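Below are the chains, spelled out letter by letter.
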Amino acid sequence: MRRFVIGQAKNLIDQSRRRQHHHLKNLSFLSLLPPFSAPSDSSSRHLSSSSSEMSASDSSSSLPVTLDSINPKVIKCEYAVRGEIVNIAQRLQEDLKTNKDAYPFDEIIYCNIGNPQSLGQQPITFFREVLALCSHTALLDESATHGLFSSDSIERAWKILDQIPGKATGAYSHSQGIKGLRDAIAAGIEARDGFPADPNDIFMTDGASPGVHMMMQLLITSEKDGILCPIPQYPLYSASIALHGGTLVPYYLDEASGWGLEISELKKQLEDARSKGITVRALAVINPGNPTGQVLAEDNQRDIVNFCKQEGLVLLADEVYQENVYVPDKKFHSFKKVARSMGYGEKDLALVSFQSVSKGYYGECGKRGGYMEVTGFTSDVREQIYKMASVNLCSNISGQILASLIMSPPKPGDDSYESYTAEKDGILSSLARRAKTLEEALNKLEGVTCNRAEGAMYLFPCLHLPQKAIAAAEAEKTAPDNFYCKRLLKATGIVVVPGSGFRQVPGTWHFRCTILPQEDKIPAIVDRLTAFHESFMDEFRD
């Protein structure tokens, strides 16, 4: 099982410097090492000050840009995953550095976002080896490299570089992405689904989010255009719809049936929207679910495909958690596979499928890689999609390389295959154990019910809060689940996201918790959460 040997790497650097080869003068092996494990969402670039922190001079500023003068769609847009609770957590984290004794906890545990490597998950060695070699091509000319890197990672790096003009990984690529990498992705899709995939249908993106934004920009012309979205939903969808001036048409997942998606609910919400003069353009489906963690049954997917076909809707299939399935009685099926197995081809159904390097077992969130597969659009509309992609020039090359690697990993017989398989299976089996442990712990809490985590990276328990707690939240002019989550954070250092940030059935309260903290930390999280919840319920018991 091949691993990086830091001492060997340092020796190689020293040897190279002594030889004073100009192409290794600035050699750095930082790209070869596992990333520093920093807390989730640590960048201050994404923070926004609350109105309570705004000084009087800010509110009466004579500067040309004010809240009254900016685009109102930006103000309407919300993104709870990095909202108020996280801002408080980051302030606590800073204060902990100098006032450790002031709190009943010694660290902030970020369970708010699907950011695996920030919580200690290690990257897949093969992926990083290839990426390092592609990023610093001089390594490929060094004999010592063959002692540090697997033979198949060296071979793959050469293959990728040969597909890039001038082997220039710092240059712009084709707006849809490097053709050879799109070929690899299409081959991976075909191997997964058993149906042909065309590399010309692949648009590579910086994670899945830009693809979603691009589709919203394409489909929404005014507030009279609607997008059917699951409730609870990942806030990317509500935020993107708001930014582009459309209308979110909610369809409610059935919590009692394991967050089931009922066609009768889709029809009801579609008819209601149309009665209000809204033209519904598309149906968004997240499978496996975020924040709800359910995995759709294939029969259910067939019904969804038929619904979109009959109603003339674009099917937006968010499939970024396709590798994250934890229960033996469920299996991931792509919507493209389901549609093709039903006999629907390019002229029958408009389907856009999203994939990302951020989730799965790889968790390469910061590398910002992903793609969308666009099928069932006319050539003139595809030209407009290409034009939008061209405005952004191209997605980043490191993300493109990773996107190709997750769809074409080592195969049996390759030098890295055994180590790759051990790393992949180790991560996924650990995630399954963590999900089960947290699910069982949550269901033991008074007034808490939690559906099983079939897939994805989250649990979404329902809080049955005492009326006194609800009244206390109202007194603070906040949602009851937000009230609970803030109290949880300040008592335990655990960061979760209130269900109100994902929308939910009115009168119900939830929170989303990731399963991503390392396995050895899960028992302490359970203990802290249990102690807090017991104290909270005693304090507010009716």
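Residues numbered from 1 in each chain as written. Predicted model: local features only at pLDDT ≥ 70, side-chain atom pairs only at ≥ 80, totals over all residues. Heavy atoms only, no water.

Draft legend 1. Main features of helix α10 (residues 235-243). In terms of burial, α10 is a largely internal element, eight of the nine residues being buried. Inspection of α10 places Pro235, Leu236, Tyr237, Ser238, Ala239, Ser240, Ile241 and Ala242 among the buried residues, and these make up the whole buried set. Buried-residue contacts for α10 involve α3 (72-76), α9 (209-219), β3 (225-231), β4 (247-252), β5 (279-286) and β6 (314-318). At the exit of α10 stands glycine 245, carrying a positive phi of roughly 80 degrees. (Buried < 20%, exposed > 50% of the residue type's maximum accessible area, 1.4 Å probe, protein only. Helix = DSSP H or I, 4+ residues; strand = E, 2+ residues; numbered from the N terminus. Contact = heavy atoms within 4.5 Å.)

Draft legend 2. Spotlight on the layout of surface pockets. Each pocket or cavity is described by its volume, and for the second largest pocket that value is around 710 Å³. In terms of lining, the second largest pocket is formed by 30 residues, of which the most central are Arg192, Glu323, Ile406, Pro409 and Lys424. Counting residues per element, the ones that place at least two in the lining of the second largest pocket are α8 (179-193) and α16 (417-443). Ranked by residues supplied to the lining of the second largest pocket, first place goes to α16 with seven residues. Looking at the lining of the second largest pocket, its residues break down into 16 nonpolar, six polar and eight charged. (1 Å grid on protein atoms, 1.4 Å probe; cavity = no way out; pocket = protein on both sides within 12 Å on 5 of 7 lines; lining within 4 Å. Points joined across faces, edges and corners; volume = space filled by probe spheres on them. Nonpolar A, V, L, I, M, F, W, Y, C, P; charged D, E, K, R; others polar.)

Draft legend 3. Structural context of unusual backbone geometry. Residues asparagine 287 and proline 288 are joined by a peptide bond in cis, for which omega reads -10 degrees. Assignment of secondary structure puts proline 288 in the loop between β5 and α12 (298-311). For the peptide bond that leads from asparagine 290 to proline 291, omega is 15 degrees, which places it in the cis range. Within the secondary structure, proline 291 sits in the loop between β5 and α12. One non-glycine residue with positive phi stands out, namely alanine 456, at about 65 degrees. Its relative accessible area of 0% is what places alanine 456 among the buried residues.

Draft legend 4. View of the pairing of β3. Of all the seven residues making up β3, seven are buried; the element is thus mostly covered by neighbouring parts of the structure. Along β3, one buried face is formed by Asp225, Ile227, Cys229 and Ile231 and the opposite face, lined by Gly226, Leu228 and Pro230, is buried too. In this structure, β3 lies alongside β5, joined through four bridges in parallel fashion. Paired with leucine 228 across the strands is leucine 283, a residue of β5. As paired elements, β3 and β4 share six bridges and run parallel to each other. Residue leucine 228 lies in a different strand from β4, and its bridge partner there is valine 249. (Pairing = 2+ DSSP bridges.)

Draft legend 5. Structural context of empty space enclosed by the protein. Inspection of every chain in the model, using the stated rule, returns six cavities of 30 Å³ or more. Empty space within the largest cavity amounts to approximately 70 Å³. Forming the walls of the largest cavity are Pro230, Pro232, Tyr251, Leu253, Leu261, Val285, Ile286, Gly289, Asn290, Thr292, Gln294 and Leu296. Classifying every residue of the lining of the largest cavity by side-chain character gives eight nonpolar, four polar and no charged.

Just distances and angles here, no functional claims.
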